[in-house]
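Chain by chain, the residues run as shown.
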Amino acid sequence: VLLEMTLRFAVCAGLAAVLVACGGSVAPQTSPELSLPPAFALAGMPSPQSQRVKQRSWMSPAAKSIKRLLYVAGTLTNTVYVYDYKTRALVGQLTNLSFNQPEGECVDKQGDVWITNWQGKSVIEYAHGGTDPIRTLKLAKFQTACSIDPTTGNLAVGTFYGELAVWKHAKGEPTNYSSGKCPYMWGPGYDNGGNLFAEAEVTSTVFICELAHGATSLQVVPMDWTINFGADAMWDGKYMAFADQAFGGGQIGAGLYQATLTAEGLTLAGSTPLDDPCYYGYTDVIQPFIVGRKNTPRNDRQGTVVIGSNNPCLKVVDYWSYPTGGTPTTAIHTPDKVVMGSVVSIKE
């Protein structure tokens, strides 16, 4: 599979030719920096793996005692950058030789960070502030993002091949769930009851698939609003939040929809526009992360901040008020031009 590392202009920032089902708009490309080569092999370039600068993972001695650490996945440099969430200072970086386009991230109730490794076909676990991997789980297919079930500790990872891989207690071999009704799934998210949701897309139509708690098959869940361009899902402490790369039907902005699960399906409860004037007002946030008072699986109050890599602006991870949204309150500028997943680990 040849990967196409573009921005939403490439739909999924490095998520390959398998994305034949993805629709959406293309951002204006007046800046040459914004046009990344279409697949490294096609462009005659070495892969990010061979471009790696030989260096070790490092972490500030103070990192383990910092209450909140922000982890940002650098796709081109194969490096995960670690920041003090409050001060936004760089306090470490992870450069595992297994990284080959780190893509999505999630966090468990202890604050361990899980990193999905797109080309490396693995998911790697790190402790809060740690530099050595705790566990590596293998998957035969290219992965998007991940989520931890608060009721069981199970780990779920999505693929663009229409599968959700679920590891019981985040160990051993996964059980794969798929359905012809749910191809090309974006990053999944568990709610507080252990129900797993993922946006799926076919010929520019986005719908939501659910693996209900204890169920053995995927089902399409009715919804009373429209998602225009697929992205990731996650629990915000009160609602399930579903990202949209073409928020509100527009062609230049991203956002989130909050929803409750009822007997009839998913019902819209609110929405959050994610704006940024840095590049003609164009925003593209595939993997927003909602920061709560506890790590996501344990969070029982709606978060107050949402962070996300805003791809058109390059090197930028924005902080927005949540659920208000609007323009960013602040931002981090990373060494990597294309950053994807971001997650906050809370020391508990």
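Calculation rules
- All chains use their own residue numbering, which begins from 1 and follows the written sequence.
- Thresholds applied to this predicted model are a pLDDT of at least 70 for local features of residues and 80 or more for the giving and counting of side-chain atom pairs; totals over whole chains, interfaces and linings are not thresholded and use all residues.
- As a rule here, side-chain values come from all non-hydrogen atoms in the structure, and water together with hydrogens is ignored.
- Only DSSP runs of H or I reaching four residues or more are called helices, and only runs of E reaching two or more are called strands; each is numbered from the N terminus.
- Buried means the residue's accessible area, taken with a 1.4 Å probe over protein chains only, is under 20% of the maximum for its type, while exposed means over 50%, and partly exposed covers the values in between.
- Only heavy atoms matter for contacts: two residues are in contact if any of them lie within 4.5 Å across the pair.
- Computed by Shrake-Rupley with a 1.4 Å probe, the accessible areas treat only the displayed protein chains as cover when residues are assessed.
- In this description, a disulfide is simply a cysteine sulfur pair whose atoms lie within 2.5 Å.
- By convention in these notes, a salt bridge is any Lys or Arg side-chain nitrogen within 4 Å of a carboxyl oxygen on Asp or Glu.
- Strands are treated as partners if at least two bridges between them are detected by DSSP.
- To obtain an axis, a line is fitted to C-alpha atoms, over the contacting stretch when the element is a helix, and the angle between two such axes runs from 0 to 180 degrees between their N-to-C directions.

1. Description of the overall build of the protein
Then comes step 1: Counting its regular elements, the protein contains one helix and 25 strands.
Then comes step 2: By residue count, 59% of the 348 residues in the protein fall in the buried class.
Then comes step 3: A separation threshold of at least 6 residues defines the contact pool for the protein, and within that pool the share at least 24 residues apart is 54%.
Then comes step 4: If you sum the accessible surface of the protein, you get close to 13000 Å²; carbon and sulfur atoms cover 52% of it.

2. Some thoughts on the environment of Pro188
Then comes step 1: Summarising the element assignment, Pro188 is placed in the loop between strand 12 (175-178) and strand 13 (189-190).
Then comes step 2: Accessibility expressed as a relative area gives 2% for Pro188, which makes it buried.
Then comes step 3: C-alpha of Pro188 to C-alpha of Ile148: the two residues are 40 residues apart in sequence and 9.6 Å apart in space.
Then comes step 4: Every residue in contact with Pro188, bar those within four places of it in the chain, is listed here: Thr144, Ala145, Cys146, Ser147, Ala156, Val157, Gly158, Leu164, Leu196, Phe197, Ala198 and Ala233.

3. Here we look at the state of the cysteines
Then comes step 1: Scanning all chains against the criterion turns up three disulfides.
Then comes step 2: Shown here is the disulfide that connects Cys182 with Cys209, its sulfur atoms set 2.2 Å apart. Between Cys182 and Cys209 the disulfide shows an S-S torsion of about -105°. By sign, it is left-handed. In this pair, Cys182 sits in the loop between strand 12 and strand 13 while Cys209 sits in strand 15 (residues 205-211), placing the two residues 27 residues apart along the sequence. We note that Cys182, like Cys209, is buried.
Then comes step 3: Disulfide pairing is shown between Cys278 and Cys313; the S-S distance is 1.5 Å. Where Cys278 bonds to Cys313 through sulfur, the torsion about that S-S bond is close to 55°, and the disulfide is right-handed. Of this pair, Cys278 sits in the loop between strand 20 (265-274) and strand 21 (289-291) while Cys313 sits in the loop between strand 22 (305-309) and strand 23 (316-321); the two residues are 35 residues apart in sequence, bridging distant segments of the chain.
Then comes step 4: For the protein, the disulfide bridges join cysteines in the arrangement 1-2, 3-4, 5-6, where the cysteines are counted in sequence order.

4. What about the pattern of salt bridges?
Then comes step 1: In total, this model carries five salt bridges according to the counting rule given.
Then comes step 2: Between Arg135 and Glu125 there is a salt bridge whose closest N-O contact spans 3.9 Å. On the criterion of sequence distance, the pair formed by Arg135 in strand 8 (residues 135-138) and Glu125 in strand 7 (residues 122-126) is long-range, its members being 10 residues apart.
Then comes step 3: Given a relative accessible area of 4%, Glu125 falls into the buried group.
Then comes step 4: One salt bridge in this structure joins Arg293 and Asp300, with 3.0 Å as the shortest N-O distance.
Then comes step 5: Beyond isolated ion pairs, a larger network of salt bridges with shared partners links Arg293, Lys294 and Asp300.

5. Remarks on the sheet that holds strand 9 (residues 143-148)
Then comes step 1: Reading across the sheet, the four strands line up as 9-10-11-12 and stay open at both edges, with antiparallel pairing between neighbours. Each edge of the sheet is formed by a strand with only one pairing partner; in this case those strands are strand 9 and strand 12. Averaged over all pairs of adjacent strands, the angle between their axes in this sheet comes to 25°, without regard to strand direction.
Then comes step 2: Direction of pairing for strand 11 (residues 163-167) relative to strand 12: antiparallel, over a ladder of four bridges. Across the sheet, Glu163 pairs through a bridge with Ser178, a residue of strand 12.

6. Observations regarding unusual backbone geometry
Then comes step 1: Note the cis peptide between Tyr322 and Pro323, where omega equals 10°.
Then comes step 2: Positionally, Pro323 belongs in the loop between strand 23 and strand 24 (330-333).
Then comes step 3: Although it is not a glycine, Lys121 adopts a positive phi angle of roughly 50°.
Then comes step 4: Along the polypeptide, Lys121 turns up in the loop between strand 6 (113-117) and strand 7.

These values are about where atoms sit, not about what they do.
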